[in-house]
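Per-entry structural report
Chain by chain, the residues:
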Amino acid sequence: AQAHGDRILAVIRGSAMNQDGASSGLTAPNGPAQEAVLRAALDQAGVDPALVSYIETHGTGTSLGDPIEVQALGSVFGPSHSPDRPLRLGAVKASLGHTEAAAGVAGLIKLVLALHHGEIPPQANFHTPSPFIPWTKLPLVVPTEVTPWTPIEGRRIGGVSAFGFSGTN
């Protein structure tokens, strides 16, 4: 891209995929498998979790999936974040609906645009936090207004969390 003079909006530093084996249900995510895939992606990218300040979540809006995903994110990113420097979470599905296989790509596009503009957009249609997520125990927040994306050590680093049917992360 640089050789051709193309404008670079983002760099994908790493990715990972796993499968939790015998899933507990067709649409039920597995927390330990999600934690493992998050750690593998960070390791493959050579990124310290403390440098990640935004995650575009799978965020299905369900009382089962969202708590499992947020707890996995809290386990991986929580130790390196704090209430005064929380990990911000968003989910494009709140605007688009669940677009099946395109959901992860839509999340990636949203993340790239947030990086490009240096702002984390407010979460659409977010009114009442899930009572099944221990928000006060996790240094994670869902932005309700446009938030300037302040670089950490000179960089803005975000990620996309996604999973598929029957245990694929």
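Scroll up to find the structure this text is about.
First, a word on scope: everything that follows refers to the structure included in this document.

Calculation rules
Residues numbered from 1 in each chain as written. Predicted model: local features only at pLDDT ≥ 70, side-chain atom pairs only at ≥ 80, totals over all residues. Heavy atoms only, no water. Core = buried A, V, L, I, M, F, W, Y, C linked by side-chain atoms within 4.5 Å. Buried < 20%, exposed > 50% of the residue type's maximum accessible area, 1.4 Å probe, protein only. Helix = DSSP H or I, 4+ residues; strand = E, 2+ residues; numbered from the N terminus. Contact = heavy atoms within 4.5 Å. Pairing = 2+ DSSP bridges. Phe/Tyr/Trp six-rings, centres within 6.5 Å; stacked < 30°, edge-to-face > 60°. Salt bridge = Lys/Arg side-chain N within 4 Å of Asp/Glu carboxyl O. 1 Å grid on protein atoms, 1.4 Å probe; cavity = no way out; pocket = protein on both sides within 12 Å on 5 of 7 lines; lining within 4 Å. Points joined across faces, edges and corners; volume = space filled by probe spheres on them. Nonpolar A, V, L, I, M, F, W, Y, C, P; charged D, E, K, R; others polar. Patch = residues over 30% accessible without salt bridge, like charges linked within 9 Å, V, L, I, M, F, W, Y side chains within 5 Å. Areas by Shrake-Rupley, 256 points an atom, 1.4 Å probe, with all protein chains shown as cover. Expected span 1.5 Å × (residues − 1). Polar contact = N/O pair within 3.5 Å; in protein donor to acceptor, adjacent residues only side chain to side chain.

1. Details of the nonpolar core
Residues Val52, Ile55, Phe77, Leu87 and Leu89 are the most contacted members of the largest nonpolar core, which totals 20 residues. With five residues, the single largest contributor to this core is helix α2 (residues 65-77). The residues contacting Val52, other than those within four sequence positions of it, are Leu42, Val47, Phe77, His81, Leu87, Ile157 and Gly158. Grouped together as the second largest cluster of nonpolar side chains are six residues, Tyr54, Ala114, Ile120 and Trp149 included.

2. Quick look at the pairing of strand β1 (residues 52-56)
Taken across its five residues, β1 has five buried, putting it largely inside the fold. As paired elements, β1 and strand β6 (residues 157-160) share four bridges and run parallel to each other. If you follow Ile55 over to β6, its bridge partner there is Gly159. Both β1 and strand β2 (residues 87-90) contribute to a ladder of three bridges, which runs parallel.

3. Some points on the packing of aromatic side chains
Scanning the model with the defined rule gives one aromatic pair in all. Where Tyr54 meets Trp149, the ring centres are 5.8 Å apart and the plane angle is 65°; that geometry is what we call edge-to-face. Taken together, the positions of Tyr54 in strand β1 and Trp149 in the loop between β5 (147-148) and β6 put the pair 95 residues apart, joining distant regions of the chain. What makes Trp149 buried here is its relative accessible area of 2%.

4. Comments concerning the pattern of salt bridges
With the rule as written, the count across this model stands at two salt bridges. Residue Arg39 is joined to Glu35 by a salt bridge in which the shortest nitrogen-to-oxygen separation is 3.8 Å. Placement of the pair is Arg39 and Glu35 together in helix α1 (residues 31-45), with a separation of four residues, close to one helical turn.

5. Here we look at the layout of surface pockets
Approximately 430 Å³ is the volume attributed to the second largest pocket. Gly59, Gly61, Asp66, Ala91 and Phe126 are, among the 25 residues lining the second largest pocket, the residues nearest its centre. Of all the secondary-structure elements, those providing two or more residues to the lining of the second largest pocket are α2, β2 and α3 (93-96). In terms of residues, the lining of the second largest pocket owes the most to one element, α2, which gives three residues. Across the lining of the second largest pocket, the residue classes tally to 11 nonpolar, 11 polar and three charged.

6. Quick word on a nonpolar patch on the surface
Taken together, the side chains of Ile12, Leu108 and Val160 present a nonpolar region at the surface, about 250 Å² in accessible area. Considering the arrangement of structural elements, one finds Leu108 in helix α4 (residues 102-117).

7. Remarks on unusual backbone geometry
Keep in mind that most residues, glycine aside, have a negative phi and that most peptide bonds are trans. For Asn125, which is not glycine, the phi torsion reads 60° and is therefore positive. Although it is not a glycine, Glu153 adopts a positive phi angle of roughly 50°. Inspection of the secondary structure assignment puts Glu153 in the loop between β5 and β6.

8. Some points on α1
Taking 1.5 Å per residue, 15 residues should reach 21 Å; α1 reaches 21 Å between its end C-alpha atoms and fits that length. Along α1, the residues classified as buried are Gly31, Ala33, Gln34, Val37, Leu38, Leu42 and Ala45. Looking at the buried side of α1, the elements it contacts are β1 and α2. Of the residues that open α1, the one with a side-chain oxygen 2.8 Å from the backbone nitrogen of Ala33 is Asn30. Count one or two residues on from α1 and you reach Gly46, which has phi positive near 70°.

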